[in-house]
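Fold and geometry: a report
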There are 4 protein chains.
Amino acid sequence: MSNFKLSGIFPPVTTPFNESGDVDYAALSSNIARYNEDGLAGYVALGSNGEVVHLSTEERTRVIETIKRGAASEHTIIAGVNELSTRSAIEAARAAADSGANAALVVTPYYYKASMTQEAFVRHFTEVADKSPLPVLIYNVPQNTGVVIESATIAKLAAHQNIIGVKDSAGNMGAISETLRRSPASFQVMVGNGGILFPSLMMGATGAVLAIACAAPRACVELFLAVKAGDHQRGRELQNRIAPLSHIVTAGLGVPGLKAAMEMLGLVGGPPRAPLAAVSSSDRERIRAVIRETGLFPEIE
Amino acid sequence: MSNFKLSGIFPPVTTPFNESGDVDYAALSSNIARYNEDGLAGYVALGSNGEVVHLSTEERTRVIETIKRGAASEHTIIAGVNELSTRSAIEAARAAADSGANAALVVTPYYYKASMTQEAFVRHFTEVADKSPLPVLIYNVPQNTGVVIESATIAKLAAHQNIIGVKDSAGNMGAISETLRRSPASFQVMVGNGGILFPSLMMGATGAVLAIACAAPRACVELFLAVKAGDHQRGRELQNRIAPLSHIVTAGLGVPGLKAAMEMLGLVGGPPRAPLAAVSSSDRERIRAVIRETGLFPEIE
Amino acid sequence: MSNFKLSGIFPPVTTPFNESGDVDYAALSSNIARYNEDGLAGYVALGSNGEVVHLSTEERTRVIETIKRGAASEHTIIAGVNELSTRSAIEAARAAADSGANAALVVTPYYYKASMTQEAFVRHFTEVADKSPLPVLIYNVPQNTGVVIESATIAKLAAHQNIIGVKDSAGNMGAISETLRRSPASFQVMVGNGGILFPSLMMGATGAVLAIACAAPRACVELFLAVKAGDHQRGRELQNRIAPLSHIVTAGLGVPGLKAAMEMLGLVGGPPRAPLAAVSSSDRERIRAVIRETGLFPEIE
Amino acid sequence: MSNFKLSGIFPPVTTPFNESGDVDYAALSSNIARYNEDGLAGYVALGSNGEVVHLSTEERTRVIETIKRGAASEHTIIAGVNELSTRSAIEAARAAADSGANAALVVTPYYYKASMTQEAFVRHFTEVADKSPLPVLIYNVPQNTGVVIESATIAKLAAHQNIIGVKDSAGNMGAISETLRRSPASFQVMVGNGGILFPSLMMGATGAVLAIACAAPRACVELFLAVKAGDHQRGRELQNRIAPLSHIVTAGLGVPGLKAAMEMLGLVGGPPRAPLAAVSSSDRERIRAVIRETGLFPEIE
């Protein structure tokens, strides 16, 4: 797995829809072309921000293929696997491999919450990793799932040769630190929360998968490079710039907010699929104000 | 819709799997044949207890068809629609109609929790009800979804001519009472929690969809009939008998526990699909003890 | 303990404050004089609605004494004990006995939430009951405490000869039913939630301690008597009348809302102590509308 | 307030009790004498770890006086104010001033959770700060209180001239960063969670109040000095050493665990007051193993 460039910044690419609600693959390609200029390590297809749970099986395949085709050869393509049974997670990982993905980002199952013990997670990820043709990243996102995989469980799963890392979006800095401390150095800990990017990198996180990187990829890459270069002053300053924008397009307004911010910054956003709804015009103004506040986009007045 | 016999008890039929993990349709048919003797009002296919989230689209179709074929002509068949986008919920309702279902039990969408406002629920259910060929029941099950649709929202949706009721599994007696109070008399309020069956019926609930009715259908039907007949003493006594069993096969051990209890009572249970796991032998003994404690099954020693 | 009239309705009496924020004992007496006409079983002093946590030790003593002096001889006086250590709970129970209370309503300790296991509750209530000169009622109110004492724990504590019952304000009908089922018949289960009064009485609850009984004591007493008389139709109808008022003065607007409702209904309300604040004038109008909606107070136009 | 040395590490001093459950002031003095060698910035009396909620008013006074008397002249003494009404919080702040404290650490009120809006917090802290003779630190500790004061609210309160800072124990790195970003540079942000000490200091926190500093004060001080000196490698290494010990004596075993760890490390621990209970012998062994694992105490074998 030495060829994996998980070190760095990955945007969880949004899926554009046209006015009739169908996936706009051309728009997706044009976003990827823009991102290719930005020093990103790769792309996550079919993440939460990609509205994976709103896409059909066929659409999921085409989204991966479109991103793969648009990406540069050095980019790593990570495909989200958001399935509720072990059996369908394995199928989705196989389909992702067939579509050209390089790794699978497999969410913790989350429907039968009372039964989703840490033992259930161990069983699920072990079986998926045994049978997946792609290396597996564990995906922890309690904001959406309502369940948490603990650091001790992740550390146990890190011993599996086909489980290469975790994307942790919970925003729990103590837990990310504990995962880093308890896992082998080769285990890839990716932070999934723009509000704690700088401190996570300071604690040793390998990289990040961030909603905010869909709207402001360069600022995230610069922050990453500043930390790598030991310029902690600069890292902290950039963290303070991206934090409010990160907050409003995740905890605040979610995917619709992220898509609105992307539009303001020259990318294709577009409407989300229902039950999500486009942001109101007043929320759009709030986003614009926050973008200005970051000081990162002098072109936005 | 006057032909709907939603008044009464509906089991949310479990889906049996064979040892290789495939759906055992013959076993499903044999369970339905047994249930046909028990005075039930109909069946819910593809509910949470039916492991709908573990089934493929094709399996979902065949499960509905199998139950429909096995049911008596007077039985109402309600099909669960457990989808995360409005678009796919409409598709699933259409497919359920094609498979012979009489009504669709549509879960609140639950992935983007922070965006799942009451307004989002209104939009979702209105659009689904507009386009569904089947009358719609709202499904509230926060134990699994992590979101709650409020009584005021349900009451607002009750004005839609294609939204005929709600199945409320939250176990919140105050909320069920408020829904009953705020909705028109024709709106069908079904309780989905065996621990509050008797008090819900006393407050005016039309009927019930209960996991425990998969294992102990006759006791549930007897309780229902006792309340209808004004025999409140008997209703309360039966409530006290079914409550501990209801608790252990829902909040306690979940679907695997329910399947184990069904086996002890002469039905086909079988293993759940992963990430759920069969109950341990010690849990099996706990279930057996609770079955004995109910005093409802003298044949179980 | 045969002389305890826990069967019936108890208001958790509010504590009036004058404009300078001191306890207005005369106003308290006048409220009690009004309540004495209403068929109540007794009074709870120093409950959550009595703002016990806002009162000094000396004020607590005088509040109990004032209520005791104003009550009729047949009334039972229950004193709230809201302390975070076992040691101080015992002291408070002793002080309550000295002030003339007949029973102590002892809240689950709630500060060190992670340590408040069911075992901790058993230790706490056992030691308090061992040393309290007054019989003890367990008080479960997770809305305020953030902790829950389970039915199994309550049932275990019910074996202690000085623990005579529970006031359960959680609003969890299933849990109240389980407590009733698992406890001896002599154990007094008092519901503390106006939204589930009728169903709780139908399941066998002995009586109730209800915020709404501070504003609408007669309706609560009538409901209680209707159930005793087997007039379930009337019980349910009254439940539907009190429910919205109960909701707005508890879950909705809390103690300030309850005090505002009391004022509209001819009792002394007055401002709460900070950090609580008097309700806004628009909230006051909402309360008035709900009072009208109940149809119980033709004098309110 | 320029003489405040809030920059640095403060232990929230535990309160030792003797076998009869009374406060052991001599033991408290001996702990302070030990701590005086460790480079700490001062002491917090009457914090959560000091079991403030288990102490009488008189005991609270003597605890502050004892710590004040034992501390070196350059030490800042911060007194916890854990009261549920605004009125009693003001009284406690006045009493703390009389006992020699230099600042008051005032917890968010937490009983009437549904009424504890951000506006209620603004009113409470404003009135307390207006009337407190001591400068006020806001105390956020949702693990114990079940309520959260938000960064935006803290930033608003930071404009009050007598509110000098916050101790945030929630462990939410994103929120601490947001508080730092939105508050004036002079506002003192103290982290209250040992699991995120290093990243909080990297983001600009002034100092820390940490349970773990009661057991391992020198390691915390060294970490603080390493960050001040720009030795981030050393800071991270120390973070990884203290984290597991911090976890087991806070989220894991709480105050009883902290007291047990202190005993193993040559300080006076002793039993907590009920309803807290001394740790079991097996938990004691777990703590000892974690102490060894830190590598910070070669004398512990």
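In what follows, the structure referred to is the one given above.
Scoring rules and cut-offs
- Residues numbered from 1 in each chain as written.
- Chains lettered and ligands numbered in written order.
- Predicted model: local features only at pLDDT ≥ 70, side-chain atom pairs only at ≥ 80, totals over all residues.
- Heavy atoms only, no water.
- Least-squares fit on C-alpha atoms with pLDDT ≥ 70 in both.
- Contact = heavy atoms within 4.5 Å.
- Axes fitted to C-alpha atoms, helices over the stretch in contact; angles between N-to-C directions.
- Helix = DSSP H or I, 4+ residues; strand = E, 2+ residues; numbered from the N terminus.
- Left-handed = near helix turned anticlockwise from the far one by under 90°.
- Buried < 20%, exposed > 50% of the residue type's maximum accessible area, 1.4 Å probe, protein only.
- Pairing = 2+ DSSP bridges.
- Right-handed = clockwise from strand over helix to strand, strands pointing away.
- Phe/Tyr/Trp six-rings, centres within 6.5 Å; stacked < 30°, edge-to-face > 60°.
- Lys NZ or Arg CZ within 6 Å of the ring centre and 35° of its normal.

For the pair of chain copies, the relating operation is a rotation around an axis with a shift along it. Turning chain D through 180 degrees and shifting it by 0.0 Å along the axis lays it on chain C, with an RMSD of 0.0 Å. Here the copies are linked by what is in effect a two-fold axis. In terms of proximity to the rotation axis, the leading residue of chain D is D:G146, whose C-alpha is 3.2 Å off the axis. Mapped onto chain C, 100% of the interface residues of chain D are again interface residues, and the two copies thus contact each other with one and the same surface.

Here we take up the packing of helix α1 (residues 25-35) of chain A against helix α2 (residues 57-70) of chain A. Residue and element names in this part refer to chain A. In contact at an axis separation of 9 Å, α1 and α2 are set at 35 degrees when each is read in the N-to-C sense. Considering the relative orientation of α1 and α2, their crossing is right-handed. Only E59, R62, V63, T66, I67 and G70 of α2 make contact with α1, whose side of the interface consists of Y25, L28, S29 and I32.

Glancing now at the pairing of strand β5 (residues 136-140) of chain B. All names here are of chain B. Counted residue by residue, β5 has five buried out of five residues, so it is predominantly covered. Residues V136, I138 and N140 line one face of β5 and the alternating positions L137 and Y139 line the opposite face, and both faces are buried. Alignment of strand β4 (residues 103-107) against β5, held across four bridges, turns out to be parallel. Note on β5: the bridge partner recorded for A104 is V136. As for the winding sense of the linkage, the β-α-β connection from β4 through helix α4 (residues 118-131) to β5 is right-handed.

Here we come to the packing of aromatic side chains. Within the structure shown, the criterion is met by 12 aromatic pairs over all chains. Ring plane angle 45 degrees and centroid distance 5.6 Å describe the contact between A:Y111 and B:Y110, whose orientation is recorded as tilted. Taken together, the positions of A:Y111 in the loop between β4 (103-107) and α4 (118-131) and B:Y110 in the loop between β4 and α4 put the pair across two chains. A single burial state applies to A:Y111 and to B:Y110, both of which are buried. Three or more aromatic residues joined by ring pairs make a cluster, and in this case those are A:Y110, B:Y111 and B:Y112. Positioned above the aromatic ring of A:Y25 is the side chain of A:R62, whose terminal nitrogen or guanidinium carbon lies 3.8 Å from the ring centre.

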